[in-house]
Amino acid sequence: METRIGFGWDSHEFKEGVPLRIGGMTLDHPKGLAGHSDGDVLLHAVTDAILGAVAAGDIGSFFPPGDPRWKDANSAIFLNLAMEELHHAGFRIVNVDTTLVLAAPKIAPVAGEMRSCVADLLGINLDQVSIKAKTPEGLGLDNVAQCHAVVLIEREADADELKSMSAVIETQKQLEDVVEDLLSSVHGVPKKRTVTPVYDTEDIT
Ligand SMILES: [Zn+2]
């Protein structure tokens, strides 16, 4: 199974009068993160990690900061685009690990809900998403939020093949025929099933 890894990093400055959006959630805090979009530092880092894993550029190459369409945009849009690129390249996510670096607010009390939100946005399970947080000790960056993200991806099974198979199988009989074909392709000869006769006990003539 082919696997790849991607890394993303982002930072935004805190600013009065804007909502604080992290991990697709709005957090209760007097300051938000300044940015052309909603400033969701975690979703931006994860977006770049996914794009990086499939060597598809970065968030800025798809969404230039000066483009008025992305003013105050919900960063879930960026993540969705990265997922499209991921699937287009034939991969799916194995797991995502992130570390937020910020002085406040405390992330631990909302980390579970945030993981759930990010897992939903990525269409993966809760246990495939990790969100950790640290304070920026000694960095002198208490007015900044940073996020580091790493993602592991693996190649998906051939989607076209699966699609054509599911299109063929509509009845139990077709399913049995497909299984028989598969068996004969493995064993070299058609493997006949033993047919059990059906007796109608109400009609013994
Ligand atoms: Zn950003």
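If you're wondering where the values come from, they're calculated on a predicted model, not measured in any experiment.

### Let's talk about the side chain of D40
Item 1. Residue position: D40 is located in the loop between strand 4 (31-33) and helix 1 (41-53).
Item 2. No salt bridge is formed by the buried D40; the nearest opposite charge belongs to R21, separated by 5.0 Å.
Item 3. Within the structure, the side chain of D40 is placed 2.7 Å from the backbone nitrogen of G24, a separation counted as a polar contact.
Item 4. In this view, D40 contacts R21, I22, G23, G24 and S75; residues no more than four positions away in its chain are not counted.

### Examining unusual backbone geometry
Item 1. Omega for the peptide link from A104 to P105 comes to -5°, which places this bond in the cis form.
Item 2. If you check the backbone angles, A55 has positive phi at about 50° while not being a glycine.
Item 3. Mapped onto the elements, A55 comes out in the loop between helix 1 and helix 2 (59-62).
Item 4. Accessibility expressed as a relative area gives 64% for A55, which makes it exposed.
Item 5. One non-glycine residue, D72, lies in the positive phi region at around 60°.
Item 6. Among the secondary structure elements, D72 is positioned in the loop between helix 2 and helix 3 (76-88).

### Thoughts on the coordination of the zinc ion
Item 1. The protein atoms donating to the zinc ion are D10 (OD), H12 (NE2) and H44 (ND1), with metal-donor distances spanning 2.0 Å.
Item 2. Considered as a linear motif, the donors of the zinc ion on their single chain read D-x1-H-x31-H. Here the residue D10 occupies a position in strand 1 (residues 3-16), and H44 occupies one in helix 1, the gap between them amounting to 34 residues. Both residues of the pair, D10 and H44, count as buried.

### Quick look at the nonpolar core
One recurring pattern in soluble globular proteins is that nonpolar side chains are buried together.
Item 1. In this structure, I22, L42, I50, I93, L100, M114 and L122 are the most contacted members of the largest nonpolar core, which totals 41 residues.
Item 2. Looking at this core, the elements with two or more residues in it are strand 2 (20-22), strand 3 (25-27), helix 1, helix 3, strand 5 (91-101), helix 4 (111-122), strand 6 (129-134) and strand 7 (144-155).
Item 3. Ranked by residue count, the leading element in this core is helix 1, at nine residues.
Item 4. Once residues lying within four places of it in the same chain are set aside, the contact partners of I50 are L79, A82, M83, L86, I93, L122 and V151.

### Observations regarding the pairing of strand 7
Item 1. Bridging between strand 1 and strand 7 involves eleven bridges; their strand directions are antiparallel. Each bridged residue has a counterpart across the sheet, and for I5 the counterpart in strand 7 is L152.
Item 2. Inspection of the sheet shows strand 5 paired to strand 7 by ten bridges, in the antiparallel sense. Note on strand 7: the bridge partner recorded for I93 is I153.

Calculation notes
Throughout this description, residue numbers start from 1 for each chain and increase along the sequence as written. The predicted origin of the model limits local features to residues at a pLDDT of at least 70 and limits the giving and counting of side-chain atom pairs to 80 or more, whereas totals for whole chains, interfaces and linings rest on all residues. Side-chain numbers here rest on the full set of heavy atoms in the structure, without hydrogens or water. A run of H or I in DSSP becomes a helix once it reaches four residues, and a run of E becomes a strand once it reaches two; helices and strands are each numbered from the N terminus. In this scheme, a residue with accessible area under 20% of its type's maximum is buried, one over 50% is exposed, and one in between is partly exposed, where area comes from a 1.4 Å probe on protein chains only. Counting rule applied: Lys, Arg positive; Asp, Glu negative; His and chain ends not counted. Each reported salt bridge corresponds to a side-chain nitrogen of Lys or Arg within 4 Å of a carboxyl oxygen of Asp or Glu. Residues adjacent in sequence count toward polar contacts only when both atoms are side-chain atoms; beyond that, a polar contact is any pair of N or O atoms within 3.5 Å, and within protein one must be able to donate a hydrogen and the other to accept it. What makes two residues a contact is simply this: any of their non-hydrogen atoms within 4.5 Å. Coordination partners: N, O, S within 2.8 Å of the metal, 3.2 Å for Na, K and Ca; water not considered, so apparent gaps in a site are possible. The definition of a nonpolar core used throughout is a set of buried Ala, Val, Leu, Ile, Met, Phe, Trp, Tyr and Cys residues joined through side-chain atoms within 4.5 Å. Each pair of strands is called paired provided DSSP finds at least two bridges between the two strands.

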